Amino acid sequence: KPLIVPGLCLFAHWGEKPVGFSLTLPDYNIALKRLNGRAGLLGKIRFYFLARNIRSCRVMLLGVTRTFRRRGVEAMLLLETVRHALSLGYNCAECSWILEDNELIRRTIESLGGQRYKTYRIYSMDFDRRSALTGKLLLRLRESGFFRPDHRHFRLFRGNPFEAESKDVMIG
C-alpha cells in the first residue's frame, strides 16, 4: 500500500511551469509507536491496520518558487490540503519545523486557524581557540572522551577541534 495519500500531494502550476508543491502524510508515528520496534511480518501487518485508523496528518513539505512567493500560492496549497484532509476524515494537521522568522508561512497557517503549540530553540556558541579558558575546557572534553567519533548524542566540531580553522560549532 502506498504511504502517500492521493489528494494530499499537491502541485501548483502556472501554465506548464510548476511553481509550488505540498506533501502531507498521515502521522504514521502514531502507528509506529504502537509497534514497539517490532517490524517483522506481523509488525507490518499490524502497521497496515493501525495506519487505516490514523486521523491526524503532517504537512511534511511545502515549497514555492521565489518568483511566485507572496502571491497566494502557499495559501492556496495549504487551503486545498486542509480541504482534502477534512474530506478524507483527518481532524488535525501538524506543520512542524517552521522557522520563527518565516513570517509568511506562520501568518498563512494562523489565518487558516493554526496555533503554535511548541517552540524549539537552537543555541550556538563560538569557541575561540586562543582563549586559555576555552582551551582548557576543550582539553578536558577531549581527555574525557567527549570527542569520540562514535559518540551518538552530538558533536561539537567537524573533525578535530584543535586543527580546525573554522570557529563554527555544529550541534546535531
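What you see is a predicted model, and the numbers here were worked out from it, not measured in a lab. Once a new chain begins, its residue numbering starts again from 1 and follows that chain's sequence as written. Whole-chain, interface and lining totals are the exception, using all residues; otherwise, since this is a predicted model, local features are given only for residues with pLDDT of at least 70 and side-chain atom pairs are given and counted only at 80 or more. Based on all heavy atoms of the structure, the side-chain values leave hydrogens and waters out of the count.

So, the overall build of the protein
Inference 1: Each helix is a run of H or I in the DSSP string that is no shorter than four residues. Each strand is a run of E no shorter than two, and both are numbered from the N terminus. Scanning the protein from terminus to terminus reveals five helices and four strands.
Inference 2: Along the protein, helices (α) and strands (β) appear in the sequence β-β-α-α-β-α-β-α-α when read from the amino end.
Inference 3: Exposed residues in this analysis have more than 50% of their type's maximum accessible area, buried residues have under 20%, and partly exposed residues fall in between, with area computed by a 1.4 Å probe over protein chains only. In the protein, which comprises 172 residues, the share counted as buried stands at 30%.
Inference 4: Restricting the contact set of the protein to residue pairs at least 6 apart, pairs at least 24 apart contribute 57%.
Inference 5: Only the protein chains shown count as cover for residues, and all accessible areas are computed by the Shrake-Rupley method using a 1.4 Å probe. Only carbon and sulfur atoms are counted for the fraction: they give 56% of the accessible area of the protein, which is about 13,300 Å². Contact criterion: two residues are considered in contact whenever any of their non-hydrogen atoms come within 4.5 Å of each other.

Quick look at the side chain of Ser22
Inference 1: Tracing the backbone through its elements, the reader meets Ser22 in strand S2 (residues 17-26).
Inference 2: Counting of polar contacts relies on pairs of N or O atoms within 3.5 Å, with two restrictions inside protein: one atom must be capable of donating a hydrogen and the other of accepting it, and residues adjacent in sequence are counted only when both atoms are side-chain atoms. Here the side chain of Ser22 touches Thr81 through a polar contact of 3.4 Å, side chain to side chain.
Inference 3: Once residues within four sequence positions are removed from consideration, Ser22 is found in contact with Leu8, Cys9, Leu10, Val59, Leu61, Leu62, Leu77 and Thr81.

A word on unusual backbone geometry
Inference 1: Positive phi values are uncommon outside glycine, yet Arg70 reaches one of about 65°.
Inference 2: Residue placement: Arg70 occurs in the loop between strand S3 (56-64) and helix H3 (73-87).

Some details on the environment of Gly63
Inference 1: Assignment of secondary structure puts Gly63 in strand S3.
Inference 2: Under the relative-accessibility criterion, Gly63 is labelled buried at 17%.
Inference 3: Distance from Gly63 to Leu23, taken between C-alpha atoms, is 9.2 Å for residues 40 residues apart in sequence.
Inference 4: When residues no more than four places from it in sequence are discounted, the contact partners of Gly63 are Val19, Gly20, Phe21 and Leu77.

Details of the pattern of salt bridges
Inference 1: When a carboxyl oxygen of Asp or Glu is within 4 Å of a side-chain nitrogen of Lys or Arg, the pair counts as a salt bridge. As enumerated under the stated definition, the model contains three salt bridges in all.
Inference 2: Notably, a salt bridge pairs Glu94 with Arg58, separated by 2.8 Å at the nearest N-O pair. Linking Glu94 in strand S4 (residues 92-94) with Arg58 in strand S3, this pair joins segments that are 36 residues apart in sequence.
Inference 3: With a shortest N-O distance of 3.1 Å, Glu103 and Arg106 are connected by a salt bridge.

Some thoughts on the sheet that holds S2
Inference 1: For two strands to count as paired, DSSP must find a minimum of two bridges between them. Spatially, four strands are ordered S1-S2-S3-S4 in an open sheet, and the strand pairing comes out mixed. Edge positions in the sheet fall to strand S1 (9-14) and S4, since each of these pairs with one other strand and no more. Recorded for the sheet is a direction-independent mean angle of 25° between the axes of neighbouring strands.
Inference 2: Docked against the sheet, H3 engages S1, S2 and S3, running at close to 160° with respect to S3. Simply put, an axis is a line fit to the C-alpha atoms, just over the touching stretch for a helix, and the angle between two N-to-C directions goes from 0 to 180 degrees.

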